[in-house]
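This is what each chain is made of:
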Amino acid sequence: MTEFKKRTDITLLVISLITIIASAVIIAMSDKLLYFIQDVLQDKVFHRTFNLEKWADTINSLLAFPIFIVIFLDTVFFVKFSKLSKAVLLGTFFAVTAFFITWCNFAGDTFFTNSDLASEILLAKECFLNKTFWPLTWHYSTEFRLLNTQIITAPLFFITKNLHSIKAISGILVSLLLPLSLWFILGQLKIKSVWTKLVSCLLIFCPWSMLSWDFIQYGNYYIPHVAMSFFYTGLFFAIVFNDLSSKKKKTFTVIFAVLSLICGMSSIRYILQFQFPLALVTLSLAVNVMVKTNSKFSIKKFFFENKAVFYSCLGLALGLLGYIFNVLVLSSLYSFSNYNTLKFNEFNEITVMHWLFDILSALGYKNSVSVLTPSGAVNVFVYVIIVFFILNTVDFLKAKTASQSKYIFVLYSITMFVFNAFVFINTDYYARYLLILLLCIFPCMAIFAEEHSLSIIKRSVLSVSAVCILLTSSFVCYSTVLSHNENTDKAAVTQFLDKQGYTLGYGTFWNANVFTQLTDGKIEMCNIRYEADPWLTTSRYYAPDYKAGQKTFIILSQKEIDSDPKLNSIQIGTKVYSDKYYTVYEYQDKALVQKELHSPVFEDFIDAKTIK
């Protein structure tokens, strides 16, 4: 396709840049604009109370209208821009995305943090204090953090002790692992177009839904899972299918083996997520060839001469070996849960419609937004991208014209999604787990974009839809983060606790780490059920002499008190604060707290992680 004439190219580029920058300013000020719009509608238009909470999503979506138009037009005509204009456009979007991820992590930290999310920073602080990335004092949750976010976050404590600043810096640094790891695997899959690779990296860098924001760009939870899966599979395809020098092949093989062990030593999750599905695909293909050619089974030929089978099984075997080490050795040294007691859910507990809605939501779909808004358009594009992704996948697998590595990767992605979805739905299901699986669509879409045997219409619709939906959703997401506060109920009690000069407190799981983060680390929080369930806290807190002799407190939410009326009978502590959300009891020493926690009042109390 011929490029725009130089004058047209420059004019459209300038208009695009002005609109992008202006939209970025509007989004950055969305919190103020939202309340300004409320005042205008309330006082000048309707002359009655305007329910901002009900209309916030629609208004935030309308604020993104200019950027939606630019994204749509730039995407449709991207191929007609000059190379310089393409580079400037993508560079601008990368810069704007990096700015908002950093700013939203800083400005929105107190808005969206909770005890689960805050634990990432507190683990990093514990690493810094113990001068190790793997402190024995930390109580982990469901996996051992061997190669995780603390590797990047802990050193930041040498620069500053401010938890909000560290969250902002670590948020962008950890998020950069996504485009870097994606770039690596796209290179090993021999994706030729630089523009395809750059656009793919931009899209995976963006928070394309609030679920993505909470657990990837802000929470950073699943970035190590995704990055390790991309590096693992990338190394596999490089070793098996690419023409490497002898030295590079040895280096990649050693890294592949070490990474395989690390995956297993961390958790069985990594094995289930990508090591087992990759081995399953290569084994299935090898068996299929053997059956079609009617050849005899030979261990040497099947497992050792077939490099794809050999290296995928080697990775799986090393992962299993690492997991055995995790269970037998690491679990005796460190405190974390494993999946040895995992049980099946009740049949049909997670319905197909429930699962489908979670997929739509993870891609940016929103309920109850106006149709004629960018969010309404995003909802339409979500359906389009799912339909055309399936159509392209079917055509790709039927054609069998792609290289073996690309064919195996698409098969692996399908297998990984189906297998893990089955495991999650039937055992331990949370919508956020789908994010790990959905990120494999980016390498697949890059493969489809360069597969000329596929229909150009189907490929184009998929590509345009993906860019429009994901980039637009990211701007709506930034606006939501900056204008929505999920911790308004904690503002007054946090201010009270800070003024009292407390340095140690007790709360249930959901009321522990969150207050440490909200007070910038001034108050360290212990779990009430510390003897049975000290998840995501440090054992330092529970030592008898740690901050002994200092006044401390227990904080309980009204929901917790309502769920257990005996909590109204606390006698040792003195009630010093109460509002419709929280009640605080003060104690002159932590020993008195522990005495209270062992009294009949708390004997049947369960720190239910579902009570938030």
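See the structure printed just above.
Conventions adopted
Residues numbered from 1 in each chain as written. Predicted model: local features only at pLDDT ≥ 70, side-chain atom pairs only at ≥ 80, totals over all residues. Heavy atoms only, no water. Pairing = 2+ DSSP bridges. Helix = DSSP H or I, 4+ residues; strand = E, 2+ residues; numbered from the N terminus. Axes fitted to C-alpha atoms, helices over the stretch in contact; angles between N-to-C directions. Polar contact = N/O pair within 3.5 Å; in protein donor to acceptor, adjacent residues only side chain to side chain. Contact = heavy atoms within 4.5 Å. Buried < 20%, exposed > 50% of the residue type's maximum accessible area, 1.4 Å probe, protein only. Lys, Arg positive; Asp, Glu negative; His and termini not counted. Salt bridge = Lys/Arg side-chain N within 4 Å of Asp/Glu carboxyl O. Phe/Tyr/Trp six-rings, centres within 6.5 Å; stacked < 30°, edge-to-face > 60°.

Peer 1: Give me the lowdown on the sheet that holds strand β2 (residues 524–527), citing residues and values where you can.
Peer 2: The mixed open sheet is built from five strands, whose spatial order is β2-β1-β3-β5-β4. Two strands bound the open sheet, and with one partner strand each, they are β2 and β4 (574–578). Strand-to-strand twist in this sheet, taken as the mean axis angle between neighbours without regard to direction, amounts to 30 degrees. With four bridges connecting them, β4 and strand β5 (residues 582–587) associate as antiparallel partners. Following the sheet pairing, Thr574 is matched in β5 by Glu586.

Peer 1: Give me the lowdown on the side chain of Asn114, citing residues and values where you can.
Peer 2: Tracing the backbone through its elements, the reader meets Asn114 in the loop between α6 (109–112) and α7 (115–130). In terms of polar contacts, Asn114 uses its side chain to reach the backbone amide nitrogen of Leu117, at 2.8 Å. Those residues in contact with Asn114 that lie beyond four places of it in its chain are Trp510 and Val514.

Peer 1: Describe the side chain of Asp589, with residues and values.
Peer 2: Looking at the element boundaries, Asp589 is found in the loop between β5 and α27 (590–597). This buried residue, Asp589, is left without a salt bridge; Lys590 holds the nearest opposite charge, at 7.8 Å. Engagement of the side chain of Asp589 in a polar contact is seen with the backbone nitrogen of Gly549, the distance being 2.4 Å. The residues contacting Asp589, other than those within four sequence positions of it, are Ala548, Gly549, Gln550 and Thr552.

Peer 1: Run through the packing of aromatic side chains, naming residues and quoting values.
Peer 2: Taken as a whole and assessed by the stated rule, the structure comprises 53 aromatic pairs. With a centroid separation of 5.1 Å and an interplanar angle of 70 degrees, the aromatic rings of Phe99 and Phe100 are classed as edge-to-face. Assessed through its relative accessible area of 43%, Phe99 is described here as partly exposed. On the basis of an interplanar angle of 50 degrees and a centroid distance of 5.2 Å, the ring pair of Tyr232 and Phe274 is categorised as tilted. Here Tyr232 is found in helix α13 (residues 223–241), whereas its partner Phe274 is found in helix α15 (residues 268–292), with 42 residues between them in sequence. You can call Phe274 buried: its relative accessible area is 0%. Here the aromatic cluster, defined as three or more aromatic residues joined through ring pairs, consists of Phe215, Tyr221, Tyr222, Phe424, Tyr430 and Tyr433.

Honestly, that's just the spatial picture; any functional story needs more than this.
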